[in-house]
Structures are given as structure tokens and as C-alpha cells.
Amino acid sequence: MSTMLEPTTRTTDVDRERSSLERVWANESGLRGWLSVTTHQAVGMRYIVTAFIFLLAGGVEALLMRLQLAVPDNTLLSADKYNQIFTTHGTTMMFLFAVPVMEGMGVYLVPLMLGTRNVAFPRLNAFGYWMYLIGGLFLYWGLFTNTGPDVGWFAYPPLSGPQFGIGKRVDVWAQMVTFTEISALCVATELIATILKMRAPNMTLNRIPLFCWGMLVQSFMVIFAMPSVMIASTVMLLTDRTIGTHFTNPAEGGDPLLYQHVFWFFGHPEVYIIFIPALGMISSIVDTNTRRTIFGYPAMVLSVVATAFIGFGLWVHHMFATGLPQIGEAYFTAASMMIAITSGIQIFCWLATMWTGRIRWTAAMHFVAGFFFIFVAGGLTGVMLAAIPLDLQVHDTFFVVAHFHYVLIGGALFPLFGGFHHWFPKFTGRMIDERLGKVTFWLLFIGFNLTFFPMHLLGLKGMTRRIYTYPSEMGWGPGNALATAGALIILIGGILFIMNALKSRKYGVEAGANPWDSGTLEWAADSPPRNYNFVLPPACNSRYPLWTPLKERIGVTGLRTDRREVLVSSVMDAEPNHRYPLPHSSIWPFVTAILSAVGLIGSIFSFQWYYVACVLATIGLLGWFWPRRKAEAEA
Amino acid sequence: MMPQHTIDVSHLRDYEISSEAPLWWGQVLLAAIEGTMFCIMIAMYFYIRLSMDMWPPPGIQLPREVLPAICTLLLIASCAGTYIASEASKKDDRAGMIRGLVINLVLAIGSMACRGIAWYQWNFKWTSTAYGSITWGVLFLHTLDVAADLIFTLVLVILLVIGHHSPRQRLGVHVDSIIWYFLVAIWIPLYVTVFWGPHIVGAP
């Protein structure tokens, strides 16, 4: 379509547009209004805040484990409590913190970066959040009623199967996974549709900010990985436990190893689902704070895409100790080493950007530097673990624990903290205290290395994972004491971070729209953004639209402001295609989530509750989709 | 800081009933999610086959061919109704949409009836070895998806009959066709796996 329009001098009455938008995008007041919110900033922030609360919970669990292990023969926690706590820790961090917080950052930032007003499916977005929240509360309800899962965050049968996994603990885990996966799939679907179809005019594929590229690739990974864990946890594990199927029962032709395959076909991509958005955050922080365009944009995009593809071919390296055919093991060793190449390319691109730029050492940049150090160390142990002889030796030891904490905390948590400091002015309208931010960084950095580096050595000395205590003759005492000391330093860093965020939110210096002088479109919106983001949505003329002179910038007019309308553009070149009214806010996503939850939680007791879930969810969806009165149906 | 130059998009259409609509993409992604799920189920079917000596195991009769074949043919035929409805939605032809969706519903419900009768004739349940588990698992998941889409289609028909055919419902009819084509298309490999599989990869 040849709709790429010629710019003309602005004639629109901006103030009138603004007041009309304020009215149409306003959220209703009261409890009902609060439950009905579908604007992406509010939903994104709910994701982020909820995820940070779960991070705190997971952190407390980690601390309890560290205290228990600090000295030999400790009796602070019983073996049973310890099992529940380490399982809940892993489950919380993977399912309730890492993925949702990345989704939340995406939901918040992607529409702003693309220059649009909301995500493509705002009600689905709200529904996803409520499902996530209910799933999280469900897990903690289990923990507090002594029904916390106790079989590890991947719940291998036969330990988790009907024979050994007695009680409802495993069922709580299995169905909690369903809630969080539904939520992740909702966000993935809406972000892909948003990124492909709702970009600012002229934001061609090779002008999309790298964070949005990251979210796009991550969302596709979610689409292809999450169904796998739903099959593992509900189709295989839960039905084996509730209605007597035999997927994991070798006596009847099933196979516990099949569960491991299906689980890790999700579980390995999951690592990249967490890590790839973090890469996007690093790119945003680095280009802003080196005052130059990112080095090697095409190489960056291609290596993110390649990471996603290779990420689906690695899952068996979690299963090297299960005695698989050697030809298969050799393939997965090669693939596991190959993924270091794509990560390496990106690190060299960032280094080149920093080398040739003029670095401003903000708190966010500190976290990026910390990422380089920690992630590269984790990557190196990753290459070591890809070698089968070494893997067999240290399988299920603290060496592995050290490795994946280096990769996940270094690769995702440090960039996330950096991103949080970087975008804090956008979220709140106020600057975060940079000095406290840097102190936070050093506490976390030192505490992290002190906690997790000794674990490499403990693993090499034979200390296995998931033991609740150990006799002093093993000689593991000093390493564990050191690790616990490190954990306490992390705790101080965490408290400082929370205090800084709460204090700066209220008393920080007012930030203005673009305090860092960044180049991407989220900084063109007010801080914090209005519900509609932009009075005149921007058009895009380069990768860094805000680094072009003001007189060359172009805005979009002609979208209706008497309803929630957005511009839909073409997939490749982002040519304006049509206008598209988004649905208004609605209580029904919340109601549908509650109704579905009743059935899904019931299903851990009896399969029949699935039918209840179907009927109740249908009622919810009817309310959701039923056309309103004529005026609203047209609006 | 407002830009001084603007492009005006007010002349663009407000709705597009085609692959340009974001909802179309949402629906394609839903198909991708379900497609992934079914591909994994097929992989599981053959994986479990490898760990059993007899397929199907002794005492379980081979699935019969006739009814499932009729069921499959009816499903494929029902796409004609979907096609009529989706073409009509682009032209805002309310009668055409209703006609197409009703054809779709009638043939699909007929197909599901055949499926139900075929199940009734089987002599095994999901608790009869892993063979029973995976076979019933595949059929249950597909039937669940089909049922969900048929309910959605039924709701669309009711909306159209009582007079709602704004672009929002028309787009609904159009994207409904995406997921229906997908459910029929994915049924073909599932059908081949579940009903021909035991003949192809089964031991004596």
C-alpha cells in the first residue's frame, strides 16, 4: 500500500487532543476500576512490583537455606522443611520472578518504544497478570499450609509421581506452572502482535530498538517452549497422579526419562527466555551511556535470533547423566558449546560500543559492567559443563548450582537491576539516587561472588545439591560459612535497593521526559507516561529518533481521540495501514481469571474440575466478548 | 517539544478484515501454541512406542478404521462452511456468515458424534498402559480444542442472528476461520498417528 504520507505543517489543536485523550484513557475509580485496568503501564508495573515481591520471598528462602547450611550438622530447618523451601525457592525464582519481571518490563516499555498507545490485546494483558498473581498466591498458600512442593523445581518422576509424591504437594507445583505459563503465553502473544503490527510509521525492522527485538525473540521462544512444560506438568505428571495414566510409569510402558525430555525442552529455552530480554536492556543502557549508536546492530539482532534457535537444541545437556546414546550426547555437547559464540558476538559488540564511546558511569552502567564479569565467568563454567566427562563428575553438585546462579543472576538479574535504575525516572517521574544505586551495586557484586564462588569449590569437593545438612568431617564447613556471609551482604544490598527505590520515588529529583538524553521513543513520552503515552504518536526516521533534530521529527495526527484508537502498520516497513480501536477497560479479564482458577485449583483434587473450569471460563469469556450497548460497541 | 510536522492518518480505514489485523496475528500465534503442543504429543507417541514391545499392547484391539475416517472427512468438509463465512465477513454479508457458520457447526458436530461413537467401541481406557494414556491424551486435547472453538462459533452465530455484525464481530468470524483451519489441518497428522500408527509401526 502506498500510504506513506507526506508530512505537512501541524495544524492540530494539541491541547484539545490532550484533554480528549485524558478522558478516553482514564481508568475508572474505586475497587472495580482498579480491577478493570487494562492500560499497559499499569499492568506492566503490577507485573514488575509483584515479581519483585516474589523475588524478596525467594530471597528469604535462599537466606534460610544459607543459614541452615552455614555450619555442619545444623538443625535450624528439618529435612522436610528444607525440601519445601529449596523447591519453592527455585520455583519462585524461575516461574514467579524471572519470567514475569521480564514480561512486565516488556509490557511496560515495548509500546512506549514503538511509539504506540497500548499493547495489541489489552484485556488479554490484564487476564495474564491476574492468572500470574493467582498462581503465585496458590504456591505460597501451599507452602504456608505445609503443602509446599518438595521435589525440586523440575519435579522429576518417580519421586514426584503417584508412588512417592504423596499428598498434594506436587499437584500444587504442577498446577501453579499452568497459571504462570498461561500468563507468559498471553504476554508473548500480545507483544508479538504489538511489535509486528503497531510500530510507529517508518520504524522498519532494522530500526526496532534492540530491547524490542529481544522481547520479540523471547516471545517466540515462549510460544514454542511453554506448551512443552504444560504437557510435562499437567498432561503427564498431574494426570498420572489424579486419574491413573501411565506416562511416567515404566511398569506400564511409560518412561520417566520422557518427562525429563519434555520438561527440559521447555526448561532450557526458559534460561534464554529470561536472558534475552536482559540483553535488550543492556543494549539500551550501553547506547545511552556511551553516547553513541550501538556497534554492529545487524550482528546483535542476528545473534539474538541465533541464540533462540540454538537454545532449543540444548535440552539434553541437562540429562547427560541419564545414559543416553553417545551420538546424541556428542551433538548436544557441540550445540552447548556453539551457543557461547552467539553470546560472545554480543559481548564483543557491547565492548566495541563502549571502547569507542564516551562512557558515563551511571549506576545502570555499573550493573552492566558487573554483568560482563559475572556472566562471562558463568559462561566459562557452562562450556566446562558441556563436556560430558566433567559434567558426569560434577552432576548434581554445588558446581552446577554455582554455574547457573552465575549465568542467571549475572545474565538476567544484574541487567534487570541496571534496567530498573535506568528506567526508574520513566516509571516514576523522579531520578533514583545514583550514589545509593552504586553502593547497592557494589554490595550485590561483592556479596554475590562471595556467596557463589565458593560453591564451585564445594561442588568439586563433592558437595551435592539439595542436602539439608552435612557432617563436619566432609570439610565443607568453611566454604559454606563464606557463602552464608556473602548471602548476608546480598541481603544488605537488597534492603538498600528497596529503600532507595521507595525513597527516590517520593523525594527524588524530578526527571523530566528524557533525563539521560536517550535516543529511543520511550523517552519522548512524559515521565511517568500518561495512559495514552503520546498526544501525537511519533513517526520514526532512524534507529535513534530522539537523536535527530527536533525540526526533522514528525508526529502522527488523525487518530480518533474519542475512543482508544491506535495505528496499525505493515510488518516489514511499518507503513501506516489502518486505524484500530482497542477495547475499553473491563472487569471481565479479572472475573475470567478467578473463574478459571476455581476450576484449575479444583483439578488437583479431581479431574472433573477441568470440566468445571471449562464451563466457568466460558461464562467469563462471554462477559468479556459480549458487545456492549450500541454506543460502546461502536466506540 | 511537539513536532512541527505531521502526517495525517484520518483517511485510513478503521478496521481491516484481513491478515493486517492484529487479531489475525493473535489467532495465528494461538495456532502456533497449540500446534507445538500437538507436535510434542506426536513425538511422545512414538517415543513411548519405542519403549514397548507390542503396539498396541496385548489385549487392546487395533482402532477400527471406518468411523474415524468418516469423522476426518466430515471435519475436512466443515472447512467449506468456514470459508463461506470468512469470505462473507469481508463483504459484510450477514446471511452468508450465518449460513457458513451453521454449515461449519453441523458438520463439525456430526464429526464429533462419530468420534464419540468410535470411543464408545474401544476396549481400553487411558489407564490401560502408556499406549492408552497417549492415545487418549491426543484425542482428549484435540477434542477439547475443537469443543472450545465450536462454542466460540456458536456464540458468533447467536450474535449475528440477534443483529450484531459490526466490524468487531466480522473480524471475529474471519479469525475464527484461522483456528478452525488449523484444528482440521493438525487433525490429519494426529489421525494418521493414532489410527494408522499401530498399523505402520506396530509389532505383530
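Everything numeric here is computed off the predicted structure, so don't read it as measured data.

## Some thoughts on the overall build of chain A
Looking only at helices and strands, chain A has 18 helices and 4 strands in total. A compact globule built from 635 residues should have a C-alpha radius of gyration of about 26 Å, and chain A, at 25 Å, falls within 12% of that. The proportion of buried residues among the 635 residues of chain A is 57%. Sequence separation of at least 24 residues holds for 80% of the intrachain contacts in chain A that already meet a minimum separation of 6.

## Topic: the overall build of chain B
Secondary structure summary: chain B contains 5 helices and 1 strand in total. When the helices and strands of chain B are placed in sequence order, the string is β-α-α-α-α-α. Expected size for 204 residues packed as a compact globule is a radius of gyration near 17 Å; at 21 Å, chain B overshoots this value by more than 25%. With the C-alpha coordinates of chain B rotated into their principal frame, the extents come out at 75 × 45 × 25 Å. In chain B, which comprises 204 residues, the share counted as buried stands at 40%. For chain B, the proportion of contacts with a sequence separation of at least 24, taken over those separated by at least 6, is 82%.

## Section: helix H2 (residues 66-90) of chain B
Residue and element names in this part refer to chain B. Look at H2: 38 Å from first C-alpha to last across 25 residues, which is about the 36 Å you get at 1.5 Å a residue. By the burial criterion, the buried members of H2 are Pro68, Cys71, Thr72, Leu75, Ser78, Gly81, Thr82, Ile84, Ala85, Ser86, Ala88 and Ser89. Against helix H3 (94-121) and helix H5 (167-201) lie the buried residues of H2. Looking one or two places after H2, you find Asp92, whose phi comes out positive at around 55°.

## Topic: the interface of chain A and chain B
Tallying the contact residues gives 59 residues for chain A and 46 residues for chain B. Split into classes, the residues belonging to the side of chain A that touches chain B amount to 34 nonpolar, 17 polar and 8 charged. Both strand E1 (residues 8-9) of chain A and strand E1 (residues 5-8) of chain B contribute to a ladder of 2 bridges, which runs antiparallel. Bridge pairing in E1(B) links Thr9(A) to His5(B).

## Concerning H3(B)
Residues and elements named next belong to chain B. Look at H3: 41 Å from first C-alpha to last across 28 residues, which is about the 40 Å you get at 1.5 Å a residue. Within H3, burial applies to Met97, Gly100, Leu101, Asn104, Leu107, Ala108, Ser111, Arg115 and Ala118. On the buried face of H3, the contacting elements are H2, helix H4 (129-161) and H5.

## Remarks on the pairing of strand E4 (residues 576-581) of chain A
All names here are of chain A. Bridge count for strand E3 (residues 565-569) against E4 is 5 bridges, and the pairing is antiparallel. Counted as the bridge partner of Leu567 is Arg579 from E4. Connecting E3 to the antiparallel partner E4 that follows it, the hairpin turn spans 6 residues, and Ala574 within it adopts a positive phi of roughly 55°.

## Focus: the confidence of the model for chain B
Confidence in the prediction of chain B, expressed as mean pLDDT, is 92, and 99% of residues score 70 or more. Across the predicted assembly, pTM comes out at 0.96 and ipTM at 0.95.

## As for the environment of Met131(A)
Residue and element names in this part refer to chain A. Among the structural elements, Met131 can be located in helix H5 (residues 122-144). Met131 sits in the buried class, given 26 other C-beta atoms within 10 Å. Excluding residues within four positions of it along the chain, Met131 makes contact with Phe179, Ile182, Ser183 and Ala593.

## Here we look at the sheet that holds E1(B)
The strand order across the open sheet formed by 3 strands is E1(A)-E1(B)-E2(A), and the pairing between neighbours is mixed. Unpaired on one side and paired on the other, E1 and strand E2 (554-557) of chain A mark the two borders of the sheet.

## As for the packing of H2(B) against H3(B)
Residue and element names in this part refer to chain B. The interhelical angle for the contact between H2 and H3, taken along N-to-C directions, is 165°, at an axis separation of 7 Å. When the axis of H2 is compared with that of H3, the two are roughly antiparallel. Crossing of H2 against H3: the hand is left-handed. By residue class, the composition of the contact of H2 with H3 is 19 nonpolar, 9 polar and 2 charged.

## With respect to unusual backbone geometry
For the bond running from Pro157(A) to Pro158(A), omega is 5°, close enough to zero to count as cis. Mapped onto the fold, Pro158(A) is located in the loop between H5 and helix H6 (169-197). In this structure, Pro56(B) follows Trp55(B) across a cis peptide bond, with omega equal to -5°. Along the polypeptide, Pro56(B) turns up in the loop between helix H1 (22-50) and H2.

## A short note on the packing of H1(B) against H4(B)
Residues and elements named next belong to chain B. Remark: H1 packs on H4, axes separated minimally by 10 Å, with the N-to-C direction vectors making an angle of 165°. Between H1 and H4, the interaxial angle falls into the category roughly antiparallel. The interaxial crossing formed by H1 with H4 has left-handed handedness. Facing H1, whose interface residues are Glu34, Met37, Met41, Met44, Tyr45 and Ile48, H4 presents Ala130, Ile134, Gly137, Val138, Leu141 and Asp145. Its residues assigned to classes, the contact of H1 with H4 comprises 9 nonpolar, 1 polar and 2 charged.

## Details of the environment of Thr356(A)
Residues and elements named next belong to chain A. Within the secondary structure, Thr356 sits in helix H10 (residues 326-356). Considered as a pair, Thr356 and Trp547 are 191 residues apart in the sequence and their alpha carbons are 18 Å apart. Excluding residues that lie within four positions of it along the chain, Thr356 makes contacts with Arg292 and Phe295.

## Side note on the nonpolar core
Membership of the largest hydrophobic core comes to 233 residues, with the highest contact counts inside it found for Ala98(A), Cys212(A) and Val262(A). With 21 residues, helix H7 (residues 210-242) of chain A is the largest single contributor of residues to this core. Discounting chain neighbours no more than four positions away, the residues touching Val262(A) are Ser228(A), Ile231(A), Ala232(A), Met236(A), Ile40(B) and Met44(B).

## Comments concerning the environment of Glu6(A)
Residue and element names in this part refer to chain A. Within the secondary structure, Glu6 sits in the segment before E1. Glu6 sits in the exposed class, given 7 other C-beta atoms within 10 Å. In sequence terms Glu6 and Lys506 are 500 residues apart; their C-alpha atoms lie 44 Å from each other.

Definitions and limits used
Residues numbered from 1 in each chain as written. Chains lettered and ligands numbered in written order. Predicted model: local features only at pLDDT ≥ 70, side-chain atom pairs only at ≥ 80, totals over all residues. Helix = DSSP H or I, 4+ residues; strand = E, 2+ residues; numbered from the N terminus. Rg over C-alpha atoms; globule rule 2.2 N^0.38 Å. Buried ≥ 20, exposed ≤ 12 C-beta atoms within 10 Å, placed from the backbone. Contact = placed C-beta atoms within 7 Å. Expected span 1.5 Å × (residues − 1). Nonpolar A, V, L, I, M, F, W, Y, C, P; charged D, E, K, R; others polar. Pairing = 2+ DSSP bridges. pLDDT = per-residue confidence, 0-100. Axes fitted to C-alpha atoms, helices over the stretch in contact; angles between N-to-C directions. Parallel < 35°, antiparallel > 145°, perpendicular 65-115°, else oblique. Left-handed = near helix turned anticlockwise from the far one by under 90°. Core = buried A, V, L, I, M, F, W, Y, C linked by C-beta atoms within 7 Å.

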